[in-house]
Structure formats: C-alpha cells, structure tokens
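Breakdown of the fold
Listed below are the residues making up each chain.
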Amino acid sequence: MSGILILAFVISILSHGYYVGASVRSARDESESVNLNVDLSRVLKRVNERFLSVAIDASLVAEEKFMYLLTSPKLRTLAKALTPAFLRFGGTRQDFMTFNPTFLHSNEYHKNSLPPILEERLKQEWALQEVLLQKEDLQRKYRSYAVDLLYSFTNCSGLDLIFGLNELLRTTGNSWDSSNARTLIQYCESKQYSMAWELGNEPNSYEKKAGIRVNGYQLGQDFVQLRRILLESKLYHDTGLYGPDISQPRDHRRDLLEGFLESGAEAIDAYIFHFIDECQCTAISQEIKMCMLYFSVKAINWFSYVLYPQTVDLASPGKKVWLGETSSAYGGGAKGLSDTFVAGFMWLDKLGLGAKLGLDVVIRQVLIGSGTYHLVDDNLDPLPDYWLSVLYKRLVGPEVLSIEAFSILGKTKRVRVYLHCTNKKSYKSGAVTLFALNLSKSPARIAVPAMVSNSTVEAFVLQSEQPGEEGLYSKSVKLNGEVLKMVDDRTLPSLQGTPLAAGEHLRLPGYSFAFYLLSEAQALACR
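Note that the coordinates shown come from a computational prediction; the quantities given were computed from them, not determined experimentally. (Residues numbered from 1 in each chain as written. Predicted model: local features only at pLDDT ≥ 70, side-chain atom pairs only at ≥ 80, totals over all residues. Heavy atoms only, no water.)

**Examining the overall build of the protein chain**
What counts here: A helix here means a DSSP run of H or I that spans at least four residues, while a strand means a run of E at least two residues long, and both kinds are numbered starting from the N terminus. Note on classification: 1.4 Å probe, protein chains only; a residue is buried when its accessible area is under 20% of the maximum for its type, exposed when over 50%, partly exposed between these limits. All accessible-area figures derive from a Shrake-Rupley calculation using a 1.4 Å probe, and residue coverage is judged against the displayed protein chains alone.
Helices and strands together make up the secondary structure of the protein chain, namely 11 helices and 23 strands. Burial analysis of the protein chain (527 residues in total) assigns 59% to the buried set. Here the protein chain displays about 21,400 Å² of accessible surface, and carbon together with sulfur accounts for 50% of that area.

**A short note on helix α5 (residues 179–190)**
Applied cut-off: To estimate the expected span of a helix, count its residues, drop one, and scale the result by 1.5 Å. The directions from the helix axis to the C-beta atoms are what the arc is built from.
A rise of 1.5 Å per residue sets the reference length of α5, with its 12 residues, at 16 Å; its end C-alpha atoms lie 17 Å apart and thus fit the reference within 8%. The complete set of buried residues in α5 reads Asn180, Ala181, Leu184, Ile185, Tyr187 and Cys188. Looking down the long axis of α5, one finds its buried residues gathered within 160 degrees of arc, a one-sided arrangement. Set apart from the buried face of α5 by more than 90 degrees, the exposed residues are Gln186 and Ser190. Immediately downstream of α5, the backbone of Gln192 shows phi near 60 degrees, a positive value.

**Some points on the environment of Gln496**
Rules: Residues are treated as being in contact if the distance between any of their heavy atoms lies within 4.5 Å.
Within the element layout of this structure, Gln496 appears in the loop between β20 (482–483) and β21 (498–500). On the basis of relative accessibility, which here comes to 52%, the residue Gln496 falls in the exposed class. Separated by 16 residues in the primary sequence, Gln496 and Asn480 place their C-alpha atoms 8.6 Å from one another. Ignoring any residue separated from it by four or fewer positions in sequence, one finds Gln496 in contact with Phe460, Leu479 and Asn480.

**Here's the deal with the nonpolar core**
Heads up, the rule is: Residues grouped as a nonpolar core are buried Ala, Val, Leu, Ile, Met, Phe, Trp, Tyr and Cys residues, joined through side-chain atoms within 4.5 Å. Domain delimitation in this document rests on an assignment produced automatically or drawn from a domain database.
In terms of nonpolar packing, the biggest core is built from 121 residues, with Trp197, Leu367, Tyr386 and Phe515 touching the most fellow members. A domain-level breakdown of this core finds at least three residues from each of domain 1 (34–45 + 400–526) and domain 2 (46–279 + 286–398). Membership of the second largest hydrophobic core comes to 30 residues, among which are Val34, Leu401, Ile403 and Ala514.

**Focus on helix α10 (residues 343–357)**
For α10, spanning 15 residues, the distance from its first C-alpha to its last is 21 Å, which sits close to the expected 21 Å at 1.5 Å a residue. Of all 15 residues in α10, 13 are buried, a share of seventy percent or more. Just beyond α10, the residue with positive phi is Gly358, at close to 105 degrees.

**Here's the deal with the environment of Gly264**
Turning to its location among the elements, Gly264 is positioned in helix α8 (residues 253–264). Once the C-alpha coordinates of Gly264 and Gly220 are considered, the two residues, 44 residues apart in sequence, prove to be 3.7 Å apart.

**What to know about the sheet that holds strand β10 (residues 270–276)**
Definition in use: Should DSSP find at least two bridges between two strands, the strands are taken to pair. Simply put, an axis is a line fit to the C-alpha atoms, just over the touching stretch for a helix, and the angle between two N-to-C directions goes from 0 to 180 degrees.
Spatially, the 8 strands close up into a barrel ordered β3-β4-β7-β8-β9-β10-β11-β12, and their pairing is parallel. Adjacent strand axes in the sheet meet at a mean angle of 30 degrees, parallel and antiparallel pairs treated alike. Pairing between β10 and strand β11 (residues 320–327): 7 bridges, direction parallel. Note that in β11 the partner of Phe275 across the bridge is Thr326. Docked against the sheet, helix α7 (residues 216–231) engages β7 (160–165), β8 (196–199) and β9 (241–247), running at close to 160 degrees with respect to β9. Together, β3 (52–57), β10, β11 and β12 (361–368) form the strand contacts of α10, whose direction differs from that of β11 by roughly 175 degrees.

**Describing the state of the cysteines**
Let me state the cut-off plainly: Here, the term disulfide refers to a pair of cysteine sulfur atoms separated by no more than 2.5 Å.
Applying the stated criterion across every chain yields a total of 1 disulfide. Here Cys421 engages in a disulfide with Cys526; their sulfurs sit 2.0 Å apart. Here the S-S torsion is close to -85 degrees, and the disulfide linking Cys421 with Cys526 is therefore left-handed. One end of the pair, Cys421, is in strand β15 (residues 415–422); the other, Cys526, is in the segment after β23 (512–518), with 105 residues separating them in the sequence. Classification of Cys421 by relative accessible area gives buried; the value is 0%. Assessed through its relative accessible area of 1%, Cys526 is described here as buried.

**Here we look at the packing of aromatic side chains**
The condition is simple: When the centres of two rings from Phe, Tyr and Trp lie within 6.5 Å, Trp using its six-membered ring, the rings pair. Their planes under 30 degrees apart give stacked, over 60 give edge-to-face, and anything left gives tilted.
Enumeration over the complete set of coordinates arrives at 18 aromatic pairs. Ring centres of Phe435 and Phe515 lie 5.8 Å apart, and the angle between their planes is 40 degrees; on these two criteria the pair is classed as tilted. Of this pair, Phe435 sits in strand β16 (residues 432–438) while Phe515 sits in strand β23, and the two are 80 residues apart along the sequence. For Phe515, a relative accessible area of 0% puts it in the buried group.

**Here's the deal with the pattern of salt bridges**
Our working rule: Salt bridge, as used here, is a side-chain nitrogen of Lys or Arg placed within 4 Å of a carboxyl oxygen of Asp or Glu.
For the structure shown, the criterion picks out 19 salt bridges. Two residues, Asp381 and Lys74, come together in a salt bridge whose shortest N-O distance is 2.4 Å. Separated by 307 residues along the polypeptide, Asp381 in the loop between β12 and α11 (384–395) and Lys74 in helix α2 (residues 73–80) bring together distant segments of the chain. Ionic contacts of the salt-bridge type, sharing partners, join the residues Arg88, Glu198, Asp245 and Glu325 into one network.

**Observations concerning the confidence of the model for the protein chain**
Defined as follows: A score from 0 to 100, pLDDT tells how confident the predictor is in each residue.
Put simply, the protein chain has an average pLDDT of 85, and 83% of its residues get 70 or more. Across residues 1–29, where pLDDT falls below 50, the model places 42 contacts with residues more than four positions away in sequence or in other chains. Taken as a whole, residues 281–285 scores under 50 in pLDDT and shows 13 contacts with residues more than four places along the chain or in a different chain.

**Some thoughts on unusual backbone geometry**
Residue Pro84 is bonded to the preceding Thr83 through a cis peptide linkage, with omega at 0 degrees. With respect to the helices and strands, the residue Pro84 is situated in the loop between α2 and β4 (86–90). Gly243 connects to Pro244 through a cis peptide bond whose omega is 5 degrees. Relative to the helices and strands, Pro244 resides in strand β9. Of note in the backbone geometry, Glu202 takes a positive phi value of approximately 50 degrees without being a glycine. Relative to the helices and strands, Glu202 is located in the loop between β8 and α6 (206–210). Despite not being glycine, Tyr511 shows a phi value in the positive range, around 50 degrees. Its location among the elements puts Tyr511 in the loop between β22 (506–508) and β23. Look at Tyr511 and you get buried, because its relative accessible area is 10%.

As structure tokens, this is what we get:
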C-alpha cells in the first residue's frame, strides 16, 4: 500500500470521526485518567541486551573520504552512549559494492581523531553528496582503509559490527559468486577484526533493482555457502551470520521467506526481516497521530506473521527473530517529520511493541547517513530520536513485563504504556521502568498501581522545545523542561530525572512521552 493510499485511509477515518479500537475525544476534553493493570511476578518476554541497535547505510562509502567522519570524537561520543548495541553496515548499496584489496593508506586518521578543519569540510560536502546519491549509478568499489575506518569506529565506540556482503555477485548458474567475499573475509581475519556478517539486502527487490531474480531456496543455499566459508576460518568459525533481510514479508514475499527457511534456516543465527513504515503523512498533527495508530495495526499483523510458530520456529525451533532495518518512513524518511520530535512517538511505540511481541533485536536506520531518518544530523548534532534512544538504553532492561492501560471508557489508545525491568547495570535489582506515550494534545493522569504505590518515582518526561502542535516538528527536545544538547563534543548532559513522591499520579503532558523509574517496586520478576 502506498503512502498516498494510507493518507487517504487516514483522511477517511478523520472525516467519519472514528477509529477502530479507539475512542475519539473532543478537543475540549480535559485530562484523561488512566489506570494500569500490571503483573510483576513473571517475565513476559526477554530480549537481547543489544535490543536497540543502529545502522550505518552503505551509501556512506560511495565516496570513501566520507568514511573519515567516523573518526570524529563527537560522533564516537554519541555512538558510545548507545552501547551495548550492534552496528549494522549495509543497505541497498551493499549489493552493488565490491571489495578492492588495496593496502595503500594516504594517512593515519583512522587511528587518531579527525582534525576539526577536515571534519567541518567533510560535513559541508556530505550535505551535497546526499543529493548526488539519489542520481548516481549504484556500482562502487571500496578499499581496505574504508573497512579499517568502519571497524575502528565500532571498536572505539564499543559497538558490535555486522557487515553486509554483496549477494548480487552471481555465477552463470545464478548461485552466489563468493570470491570477493572470501577476499574481504580473509583481509578482516588478517587484521583480527571481530565482526558478524549478513548477505544481501532485501532480496525481494533484486529484480526491480538489478534485473536478477533469486528464489528463496537458492537464497538459502547461498547462506549455506557463506556459512561454510566462515567455518573454514579460525576467527569466524563461530561468528554470527544473520539474514535474509526480506522486507515486510507478505503476499508473494512469503514464498521467498518459506523457500529460504527450507534450505537455509540452519545456516543463520537469527532470522532478520525489514519493516520501514509506508506512511508519508502531511504536516497535520491529527493525521500524524492516526498514522501512528495505523502503524501499530500494520506492525502487529506483520510482526506476528514472522513470529508465528509455523513460519520461523517450525523450520528452525528457537531461532531468534530480528527487525534488522526500520525507521519512520520509506525513501530515506519523510521530510520535515522523520528528523523531528513527532517521529519519537512511532520509534518508542515500535520499541515497546517489538519487545512485547518477542523481537530479539531492533536495528534503527540510521545512526548517521543519507536521508532524514538519521539519529545524528549532517552536522553531527543529535536529533530528538537520539536522546530518546539514549534514555531507553539507560533506563530499560531486557525483561518485558505485562501491563495494560485503561480509562473509564475501557482500553485507551490515546495513552500507550509498556513496562520492563529497569536496566540492572544502572539501577538496583527489583526496579521497574514504565514508559508511556500521550498521542493527544490533552494531558493524562496515570494512577500508579497499588502494589508499587510505596515506591518513589523518578520521571524523565520528553517534550518538544516548542509548545503546542507546531512543536511536533521541532528538532529540539526538552527533558523535564531543559533543552537537551551536548556539553561539548566529548560530553553528554547528565540526563537526570525528577523525583516524585510515592503514590503520586504520573502526569503525562499532551504530545509527550516519558520514562518513569520505580526504584523500590521490588518486582519479583526483576530480582
């Protein structure tokens, strides 16, 4: 379904004044009172500690000089705050790039910090490069120092690298030509680069992109071939291999998925699919809100299909499922939306829903790179979704708990809530973190359940820098009333919460989202 059709769907809903599963309230409505049902006795799902992970698009290597941006101390500081996490290097261009094992290095910047004057020049040139990337031929070669720069960035930042190999190098018999991949793997092994691997990006679109059709069974055989190559390596014999990176597996793409699982399920360590939201909303807040509601309906349908036992688990019992590429809108993002405060509602909702449904890892497209759905902009300044991601990392643990929100009218869609054990690396055992989204301009009052009403609460409330609906499109965000920005290129702000008295209602302003840390919840599931 195209963005235009979805937008028409949204407008139709608005004109009729209703939405399936949600109560429509007048703009004159006052604060909504929300009650919670929680279960702190058992873990509902347990996700990877690197659940929230990030990507760098392969387009960054289209002109290799831009890889030197990865040596920026500022960018490395921003990346380190997102650990533990995977860093996926891939995307459309990975299937049009070949490795050229040239060992000439013009300088040693990959071992040191990027000089400020060069960093400024590269940032200015990158803004122009993004425009050219939409027009240029996809075919590219990259040399060894580009790989060196990428690995140095992940290693210094504490990220775990997943490198995407070119699947569109084919033999005359249409099997995968692995010779270039072998050369790259041998080079990385010679440098003792610890990393995992993917093969290909969205094989369902190969015919459209390159005029090459690879069926699911053949795709699985290609992964088996790669696994054999890795088994021959002393360094990579037990490394991670993930795939097949099919986008939104539905309709005819189900055949591709099922064929792959028949021949290649045992070759991979986790099954990966992509979900880029198709909703290209206009800058009208009510339509954006409805697109977010519609997002959850779509996501539940597609996530549930992939997670359905007869899809993946039947072919390979116990295999983890990852959302290996996701963002707020297709085509590099929705201009004026994907890099603003409003995108955070979809991002936080996706994290909460993905964990609740059992996805093991969710990889955000992108940390830095082309498009408008990046976490860090072209000037290497953090955007609202970056700050949201850092707070999620600090406050939310991998254990998912059961929670349900309801108002006097029944289940509420206006306020969405999720509950996890708190990150035990940062806080004491037994603590829980509630995170909530208010999709309405009216405030909400959330009643703390009686079983945890004696716990003090630390509130981390994120709002746009600007008030009202216009603030939805701001690129700045406030935490408890203070605008978030870096102290300097090597230092993030402290990100302190605001203490609330035990038993006090949680006040969630309109158009905001928040994390509430209940440090003395003494949750049995979190001990």
